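Working through the structure, step by step
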Amino acid sequence: MTQAPLIRSAGAPIVMLLLKLILLAIVMILGFAAVFIGGMVTFVSEALVPGIGLIAVGLVVGVGSLRILLRLNRAFQDQHLEAVLADPQQIRARWQDRRGEVILAPRGVFIGRSYYPFAASYQRLAEFSFDVETGQLFVAFDSIAPPPNHRPTLTLEVPADARRSVAAFADDLQPDKPPSDG
């Protein structure tokens, strides 16, 4: 099963969103750097007004861009959840968990409002294993984050009524097996 058509269908808006996120991250870093520089200017020299001004501007820019980043990230997650909910055929399994409703779809796992994509610019599905007997679902990702956070994982308890669907989905995700002789 390939996820490429799902990712390409939303390609341009997602690329623009990622560019906005990168730009805002740079602006946020510059804002907090201004706070640091303003603090240094204030404590090392007698220039209190420029130092306090840099601190104030840096705080406004840093905190403001952080808030916008968080809002854009939430919009990105909501956009994917709405797309899956609009096309019920994408939903392979659905159940309630202590963290909220879990939705399993070819594009990723949704837990409550959180979205864990299988194929994104910042992470890829590395392992998807399911034990039908115990109902343990283990999902691991390869991420662009530096070690030790480069391999985020999810462990979920699948209720008995959703196990058949999850097992079928897990089989679909496995690479093609060589034909057996028997």
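To be clear, the structure that these remarks concern was listed above.
Given the structure is predicted, the values throughout are model-derived calculations rather than measurements.

Thoughts on the packing of aromatic side chains
The tally for this structure, following the rule as stated, stands at six aromatic pairs. Aromatic side chains Phe-76 and Tyr-115 sit 6.0 Å apart centroid to centroid with 50° between the ring planes, which places their arrangement in the tilted category. Taken together, the positions of Phe-76 in helix H3 (residues 48-86) and Tyr-115 in strand E4 (residues 114-117) put the pair 39 residues apart, joining distant regions of the chain. Overall, Phe-76 belongs to the buried group, its relative accessible area being 8%. Taking the relative accessible area as the measure of exposure, Tyr-115 reaches 5% and is therefore buried. Each ring, one from Phe-128 and one from Phe-169, has its centre 5.5 Å from the other, and the planes form 75°; the classification is edge-to-face. Within this pair, whereas Phe-128 is found in strand E5 (residues 123-131), its partner Phe-169 is found in helix H4 (residues 163-173), the two being separated by 41 residues in sequence. Through a chain of ring-to-ring contacts, three or more aromatic side chains come together here, namely Phe-118, Phe-128, Phe-141 and Phe-169.

Structural notes on a nonpolar patch on the surface
A contiguous nonpolar surface patch, about 590 Å² in accessible area, is contributed by Val-15, Met-16, Leu-19, Ile-22, Ile-26 and Leu-30. For Ile-26, a relative accessible area of 44% puts it in the partly exposed group.

The rules we used
Residues numbered from 1 in each chain as written. Predicted model: local features only at pLDDT ≥ 70, side-chain atom pairs only at ≥ 80, totals over all residues. Heavy atoms only, no water. Phe/Tyr/Trp six-rings, centres within 6.5 Å; stacked < 30°, edge-to-face > 60°. Helix = DSSP H or I, 4+ residues; strand = E, 2+ residues; numbered from the N terminus. Buried < 20%, exposed > 50% of the residue type's maximum accessible area, 1.4 Å probe, protein only. Patch = residues over 30% accessible without salt bridge, like charges linked within 9 Å, V, L, I, M, F, W, Y side chains within 5 Å. Areas by Shrake-Rupley, 256 points an atom, 1.4 Å probe, with all protein chains shown as cover. Salt bridge = Lys/Arg side-chain N within 4 Å of Asp/Glu carboxyl O.

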